[in-house]
Amino acid sequence: MSLVRFKATDLTRFLEAIDRNLEESAKITVIGGSAAALGYNVSSATSDIDTFSSNLDKIRLAADAARRETGLEIPLSNTPIADVPYNYEERLERVLPNLGKLQVWVLEKHDLALSKTIRAAQHDLQQLTELHGVAPLDLTVLVARYQENGPRYWSTGSHSPSLLVRSGSPLGCVSCR
């Protein structure tokens, strides 16, 4: 079964339509591939919009209207569990500030990179490569956040920040800034 994939332009058009159809203000925190696309112009496509710690009740009807308006059948869901660094909320970045009622926030790029290393699926690693290419990652920040999160990352079988910078990794032998 092949999934329909959506680019940043599709996601933006869909979120703008949600904003037009909202009856009251709402806030969502976007994670995963959609965060990479919306926040950092990563061009690889995603199959959905995953949110975390977001109440989607306010926007369900607006999302249904947006699907009819745009013809984009983009799944929108709130994941109850996400592997994000501690205190990520303090570093969220607002995207699409022109929206009137819908506030859209994405993970800060280093938090996004670390969240992608947990699963380390092939498409996650491709997105990391692209993320670093368009919004260079700082190795010092990655290592500090990794250490702040300690065994939580090590015990899940995830990879260390060295995954991001060693030879043969998504970022290759890079000089992180």
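As the structure is a computational prediction, the values presented were derived from the model and not from experiment.

Basis of the calculations
- Residues numbered from 1 in each chain as written.
- Predicted model: local features only at pLDDT ≥ 70, side-chain atom pairs only at ≥ 80, totals over all residues.
- Heavy atoms only, no water.
- Axes fitted to C-alpha atoms, helices over the stretch in contact; angles between N-to-C directions.
- Helix = DSSP H or I, 4+ residues; strand = E, 2+ residues; numbered from the N terminus.
- Parallel < 35°, antiparallel > 145°, perpendicular 65-115°, else oblique.
- Left-handed = near helix turned anticlockwise from the far one by under 90°.
- Contact = heavy atoms within 4.5 Å.
- Nonpolar A, V, L, I, M, F, W, Y, C, P; charged D, E, K, R; others polar.
- Pairing = 2+ DSSP bridges.
- pLDDT = per-residue confidence, 0-100.
- Phe/Tyr/Trp six-rings, centres within 6.5 Å; stacked < 30°, edge-to-face > 60°.
- Buried < 20%, exposed > 50% of the residue type's maximum accessible area, 1.4 Å probe, protein only.
- Lys NZ or Arg CZ within 6 Å of the ring centre and 35° of its normal.

Student: What is the right way to look at the packing of helix α1 (residues 8-21) against helix α3 (residues 60-70) in this model?
Tutor: Think of two packed helices as two axes; the pair is described by the angle between the axes and how far apart they sit. As a packed pair, α1 and α3 sit with axes 8 Å apart at the nearest point and diverge in direction by 125°. Taken together, α1 and α3 sit at an angle that is classed as oblique. Note that α1 runs across α3; the crossing there is right-handed. Contacts from Arg13, Phe14, Ala17, Ile18, Arg20 and Asn21 of α1 reach α3 at Ala62, Ala63, Ala65, Ala66, Arg67, Glu69 and Thr70. For the contact of α1 with α3, the per-class residue count stands at 7 nonpolar, 2 polar and 4 charged.

Student: I tried to follow the sheet that holds strand β3 (residues 76-79) on my own but got confused; where do I start?
Tutor: Strands belonging to one sheet form pairs held by backbone hydrogen bonds; the direction of such a pair is parallel or antiparallel. The 5 strands lie next to each other as β3-β2-β1-β5-β4, forming an open sheet whose pairing is mixed. Whereas interior strands pair on both sides, the edge strands pair on one side only; in this sheet they are β3 and β4 (93-95). When strand polarity is set aside, the average angle formed by the axes of neighbouring strands in this sheet is 45°. Where strand β2 (residues 49-52) lies against β3, 4 bridges are found, and the strand directions are parallel. Within the sheet, the bridge partner assigned to Thr51 lies in β3 and is Asn78. Sheet strands touched by α1: β1 (26-31), β2, β3 and β5 (102-106). Its angle to β5, the strand with the most contacts, is close to 145°.

Student: So what exactly am I meant to see when it comes to the confidence of the model for the protein here?
Tutor: Reading predicted coordinates in detail is not appropriate for stretches of low pLDDT. Of the residues in the protein, 83% reach a pLDDT of 70 or more, and the chain-wide mean stands at 85. Within the model, the stretch residues 154-177 combines pLDDT values under 50 with 48 contacts to residues more than four positions away or in other chains.

Student: Sorry, what's going on with the packing of aromatic side chains here?
Tutor: The geometry of an aromatic ring pair comes down to the distance between the two centres and the angle between the two planes. Summed over the entire model, instances satisfying the criterion amount to 1 aromatic pair. When the ring of Phe52 is compared with that of Tyr88, the centres are 5.8 Å apart and the planes differ by 50°; the resulting orientation is tilted. Of the two residues, Phe52 sits in strand β2 while Tyr88 sits in the loop between β3 and β4, which places them 36 residues apart along the sequence. Classification of Tyr88 by relative accessible area gives buried; the value is 5%. It is Lys27 that lies over the ring of Trp105; its NZ or CZ is 5.5 Å from the centre.

Student: Would you take a moment to explain the packing of helix α2 (residues 32-40) against helix α4 (residues 109-119) for this structure?
Tutor: Packing of α2 against α4 leaves a shortest axis separation of 10 Å and a crossing angle of 155°. As judged from the angle between their axes, α2 and α4 are roughly antiparallel. Between α2 and α4 lies a crossing whose hand is left-handed. Within the contact between the two elements, α2 uses Gly32, Gly33, Ala35, Ala36 and Tyr40 and α4 uses Lys109, Leu112 and Lys116. Here the residues of the contact of α2 with α4 are counted per class, giving 4 nonpolar, 2 polar and 2 charged.

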